[in-house]
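As a plain string of letters, each chain reads:
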Amino acid sequence: MNVTDTSITPTDLGGYASEEAESENFLSYPKGIMSWLVTLDHKRIGILYLICILTAFFIGGMFALLIRTELLTPGATIVDADTYNQLFTLHGAIMIFLFIIPGIPAALGNFALPLMLGAKDVAFPRLNLMSWYLWLIGAAFTVFSLVNGGADTGWTFYTPYSTQTDGAIISITMGVFILGFSSIFTGLNFLVTIHRLRPPGMTWFKMPLFLWGIYGTAIMQVLATPVIGITMLLLIVERTLGFGIFDPALGGDPVLFQHFFWFYSHPAVYIMILPALAIMSEIFSVFSRKHIFGYKFIAFSSIVLAILSFLVWGHHMFPSGQSELANFVFSALTFSVSIPTAIKMFNWLATMYKGEIVLKTPMLYALSFMFLFGIGGLTGLFLGSLAVDIHLHDTYFVVAHFHYVMFGGTVIAFLAGLHYWWPKVFGRMYNEKLGAIGAAIIFVGFNMTFLAQFVMGSQGMPRRYYNYIDEYTIYHHISTGGSFIMAIGFFLIAGYLLHSLLKGKRAPANPWGGNTLEWHIPSPPPYYNFKEAPTVGDPYDFSELEWDDRIEGYVFRKAEGSA
Amino acid sequence: MSKKHSSDGAGHAEHPKWMQHHFDTPSQQFASSKMGMWLFLATEVLLFAGLFCAYTVYRANHMDMFVFGHQFLDVKWGAINTCVLLFSSLTAAWSVRAAQLGQKGLMIALLFITLLCGGAFMAIKYVEYSHKIHDGLLWGTKYKPAGHAAEVIHGEEAHAAGELGGAHGRVDEGHTEAEQVAGIEAAHGEGAAEAPAAGGDALATDGAQAAGAQAAAPAAQGEGVELPADVLAIDVAERSTTLPAAIGPRGLVPVAEEGHDDGHGAGHHWEGPIPDNVHIFFGIYFGMTGLHGIHVLIGMIILGWLIYRALKNDFSPEYFTPVDLGVLYWHLVDLIWIFLFPLLYLIG
């Protein structure tokens with residue numbers, strides 16, 4: 001059977017013609033644990049990443065729960081102050097370097113990018129596998145710091161404290177260095193894949209917007225990450241050899257470290273959010289059953305965001321003593337970031353307008369993304385203002401702001417993407433009702449946790465503090481309560497997703513009615529992706545798709561005619 | 001890439017063995033590999049960019065530190081190393097041409113010469129590093145000038161400390177004036193600048209130890225100190241107690257007079273006070289050249305691997321991508337040195 005876009009026929013085998021053909025799906029062929037550990041298949045590497053980053057998310061989440069529990073009451077609740085410092089450091093480092101940065105690009109992107117592009121694989125499959133192993137090594141270094149004395153600097157490793165503390169700074173910074181190279185190789189791979197492996201007909205403006213977002217992300221991964229590499233190396237030689245470049249006691253400049261650090265870590269924030277925006281562009285269109293509005297604007301706004309990301313790092317350092325001129329310029333540039341972001345938001349709104357909105361789980365997450373990311377983005381304006389930032393800097397307002405962006409934005413989008421591609425990846429449907437309940441619990445729990453933090457932050461509660469005055473107790477109670485609710489939500493999600501793997505209903509080739517190329521092949525995809533170069537059309541034209549009750553999925557109308 | 005069914009790649013039956021399955025044509029594979037390499041080189045440039053940035057920041061804020069520090073770098077060895085690397089880039093580029101033309105013997109010979117040049121570079125670097133280590137001209141906390149370097153540095157320090165020690169911080173006008181005259185006189189004869197100072201390995205910032213080397217002071221006068229004595233005294237007092245802030249107004253601490261390097265390692269000639277925190281310059285020097293040296297070593301490993309594969313007959317005029325990419329990497333290593341050499345050795 002010719003498994004290309006025009007050939008999907010109604011069948012309960014996820015689009016496969018026969019049992020025999022179905023055994024060629026990438027999950028079951030080739031067999032054996034070793035075939036997974038040395039696999040060069042981008043889909044399998046995506047799954048390996050998925051398992052790893054979800055593990056990291058679990059660990060980071062447990063740390064978050066411990067932090068919130070500790071903050072339930074002023075003073076000591078469950079851990080001592082030193083342990084608390086290590087907890088928030090590792091929570092930050094694990095969530096950022098091990099989970100969010102590789103999350104969407106390396107796990108979902110690895111799976112979906114070549115499929116959406118119509119390619120057989122990424123350009124450098126061996127490099128792809130290597131970056132997964134680098135992730136493992138980097139993760140080992142990072143987590144090793146936990147048993148090696150713990151790091152207590154916060155995930156930012158600011159000097160001079162990080163050169164003086166007894167904590168396991170070297171192992172965690174070495175971990176960040178290695179994870180950086182993992183991220184660079186993933187980005188490099190995607191850039192070359194998008195440039196060189198597009199099949200005939202896949203022009204730049206026929207690419208799904210997910211690919212544009214990943215493309216912008218990859219630019220930042222390649223161009224920003226080496227700087228954190230050298231920064232971490234300098235920090236290591238500073239500690240081991242006494243280099244002195246960042247050490248004021250030796251005439252060095254600690255603010256230079258902050259510049260170096262944020263020159264990477266601000267683009268890194270966009271490395272985290274841009275793929276999330278990219279997923280949203282797919283989901284809003286598919287679940288509104290309507291062509292995406294403003295394709296080119298969304299595409300270019302991804303690139304503009306990637307460029308702007310390199311120009312605003314100084315807004316993390318307003319009170320650091322950098323010059324007033326620098327503060328002014330960084331503040332102005334920071335505001336300009338809202339333009340491409342708003343372009344995306346309004347285009348999605350316009351896409352939904354008069355659309356036929358289908359409230360399936362991915363769309364529920366997408367809607368909650370719009371709400372939460374909207375709050376996250378708008379509170380960023382407060383922090384980008386020079387005068388207001390002096391008051392809000394290093395308070396819980398900042399904590400709430402970046403959680404609304406990173407969690408309300410990226411994690412929610414990751415969950416949306418996970419639910420969106422889950423049937424394609426594993427060929428199984430999850431329980432839709434539980435999916436909706438899970439999304440609702442996360443939404444409620446999240447807002448409870450972090451809205452309270454906006455309030456206490458604006459009233460002066462500093463971030464990273466172990467203790468607080470009684471006036472803040474009520475907000476901490478709400479916040480901690482919300483975090484427990486979120487934990488329940490995540491356990492529910494983990495439960496029904498794992499259950500679907502074992503007992504889930506067989507997924508059709510196209511459960512949501514998407515028209516990007518991955519929905520043109522069976523679920524789960526065959527190991528070779530496409531037998532022939534696929535025919536490329538408009539990825540957001542849904543007019544040829546219609547619902548088929550027999551397979552509970554969408555089929556291509558013209559395909560039915562020809563088959 | 002190639003662990004898949006033979007049936008999966010319809011229309012690609014006649015693959016050469018180097019052709020990877022997921023590419024449609026050899027030119028697509030070549031273009032992808034080359035683009036990947038260029039992107040990787042961009043990341044390498046950005047890795048060094050952090051150090052170049054640190055260099056720029058410190059040089060802009062403390063030019064004196066760089067002018068003073070660079071005189072201890074050996075321009076002769078640096079220039080030879082530059083020539084060695086430039087020559088190696090020629091042989092490397094030529095080896096790609098030889099690969100394109102299928103001249104296997106020539107390609108291997110040229111790659112081997114390139115490898116030898118890399119070895120020569122590292123050998124010279126070893127000589128240079130040995131001198132620095134011997135002279136104690138290292139980074140941060142390891143900066144303890146000794147031997148020849150100490151002559152230059154301690155001569156100055158001892159002179160300054162002599163003033164401080166002699167008058168308990170009060171400036172002895174007459175004494176200083178006499179010194180200045182001596183300095184001007186001595187400056188007439190170039191040989192006087194090389195006047196050896198007595199031993200002593202005190203830190204430049206360590207006033208107490210430097211005072212012990214007071215005996216060396218008269219000899220050091222030959223180097224000619226022309227700043228007003230009261231400014232000098234303030235300078236020393238500051239340095240002996242607290243370290244100045246990294247950036248910001250220096251107050252009364254004088255900026256170094258223009259020093260000049262006569263191009264000979266042995267003929268140091270420094271006018272004006274010793275700048276603070278010279279160890280930062282050596283930190284940057286070792287950071288940049290060290291990271292570059294690591295890249296030279298990696299480049300040499302790649303060259304060795306290319307020679308090994310060439311000997312195995314892996315390359316042909318149709319397929320020489322690894323040679324092309326490996327040589328690109330080598331060019332980058334060369335290029336970085338082309339920037340490092342003037343930035344570090346030729347400050348003036």
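Scroll up to find the structure this text is about.
Now for a description of the structure that goes with this document. (Residues numbered from 1 in each chain as written. Chains lettered and ligands numbered in written order. Predicted model: local features only at pLDDT ≥ 70, side-chain atom pairs only at ≥ 80, totals over all residues. Heavy atoms only, no water.)

Considering the packing of aromatic side chains
Scanning all chains against the criterion turns up 70 aromatic pairs over all chains. A ring pair is formed by A:W132 and A:Y133, whose centres lie 4.8 Å apart and whose planes are at 65°; its orientation type is edge-to-face. Judged by relative accessible area, A:W132 falls into the buried class, the value being 4%. Overall, the relative accessible area of 32% leaves A:Y133 in the partly exposed class. The interplanar angle of 40° and the centroid separation of 5.3 Å between the aromatic rings of B:F341 and B:Y345 together place this pair among those described as tilted. Taken as a pair, B:F341 and B:Y345 lie in helix α11 (residues 321-345) at a separation of four residues, close to a single helical turn. Here the two residues B:F341 and B:Y345 agree in accessibility, since each one is buried. (Phe/Tyr/Trp six-rings, centres within 6.5 Å; stacked < 30°, edge-to-face > 60°. Buried < 20%, exposed > 50% of the residue type's maximum accessible area, 1.4 Å probe, protein only. Helix = DSSP H or I, 4+ residues; strand = E, 2+ residues; numbered from the N terminus.)

Thoughts on the pairing of strand β3 (residues 545-548) of chain A
Residues and elements named next belong to chain A. Of the pairings in the sheet, the one linking β3 to strand β4 (residues 553-556) comprises four bridges and is antiparallel in character. Residue L545 lies in a different strand from β4, and its bridge partner there is F556. Taken together, β3 and the strand that follows it, β4, pair antiparallel across an intervening segment of four residues, in which E552 is found at a positive phi of about 55°. (Pairing = 2+ DSSP bridges.)

Considerations on the pattern of salt bridges
Enumeration according to the criterion identifies nine salt bridges over all chains in this entry. The partner of A:K505 in a salt bridge is A:E552, with the nearest N and O atoms 2.8 Å apart. In this pair, A:K505 is assigned in strand β2 (residues 505-506) and A:E552 in the loop between β3 and β4, connecting sequence segments 47 residues apart. Here the residues in one salt-bridge network are B:R309, B:K312 and B:D314, joined through shared partners. (Salt bridge = Lys/Arg side-chain N within 4 Å of Asp/Glu carboxyl O.)

Let's talk about the interface of chain B and chain A
Every contact between the two is made by 45 residues of chain B and, on the other side, 42 residues of chain A. Overall, the association of chain B and chain A removes approximately 3800 Å² of surface from exposure, summing both partners, and the carbon and sulfur fraction of that is 70%. Here chain B and chain A share one salt bridge between them. With a shortest N-O distance of 3.4 Å, A:K120 and B:D24 are connected by a salt bridge. Applying the counting criterion to the chain B and chain A interface returns eight residue pairs in polar contact (both at pLDDT 80 or more). Where the side of chain B that touches chain A is concerned, the elements lending two or more residues are α1 (26-61) and α10 (278-311) of chain B. (Contact = heavy atoms within 4.5 Å. Buried area = accessible area lost by both parts, 1.4 Å probe. Polar contact = N/O pair within 3.5 Å; in protein donor to acceptor, adjacent residues only side chain to side chain.)

Brief notes about the layout of surface pockets
When its volume is computed, the second largest pocket comes out at roughly 1600 Å³. Lining the second largest pocket are 45 residues; nearest its centre among them are A:L127, A:M130, B:M37, B:W305 and B:L325. Going through the elements one at a time, α5 (125-147), α7 (169-196) and α8 (209-241) of chain A together with α1, α10 and α11 of chain B are the ones with two or more residues in the lining of the second largest pocket. With eight residues, the single largest contributor to the lining of the second largest pocket is α1(B). Partitioned by chemical class, the residues of the lining of the second largest pocket number 29 nonpolar, ten polar and six charged. (1 Å grid on protein atoms, 1.4 Å probe; cavity = no way out; pocket = protein on both sides within 12 Å on 5 of 7 lines; lining within 4 Å. Points joined across faces, edges and corners; volume = space filled by probe spheres on them. Nonpolar A, V, L, I, M, F, W, Y, C, P; charged D, E, K, R; others polar.)

As for the packing of helix α9 (residues 254-287) of chain A against helix α15 (residues 396-426) of chain A
All names here are of chain A. α15 packs onto α9 with a crossing angle of 45° between their chain directions and a minimal axis gap of 9 Å. Comparing the axis directions of α9 and α15 gives the class oblique. Of the two elements, α9 crosses α15, and the hand of that crossing is left-handed. Together, V269, M272, I273, A276, I279, M280, E282, I283, V286 and F287 of α9 and V405, M406, G409, T410, A413, A416, G417, Y420 and W421 of α15 make up the contact between the two elements. Grouping the amino acids of the contact of α9 with α15 by side-chain chemistry returns 15 nonpolar, three polar and one charged. (Axes fitted to C-alpha atoms, helices over the stretch in contact; angles between N-to-C directions. Parallel < 35°, antiparallel > 145°, perpendicular 65-115°, else oblique. Left-handed = near helix turned anticlockwise from the far one by under 90°.)

Quick look at empty space enclosed by the protein
All names here are of chain A. One pass over the structure, following the stated rule, counts seven cavities of 30 Å³ or more. Its boundaries defined by the atoms lining it, the largest cavity holds a volume of some 120 Å³. Considering the residues around the largest cavity, the lining is formed by 17 residues, among which F97, I101, P102, L179 and S183 are closest to the centre. In terms of residues, the lining of the largest cavity owes the most to one element, α7, which gives six residues. Considered class by class, the residues forming the lining of the largest cavity number eleven nonpolar, six polar and no charged.

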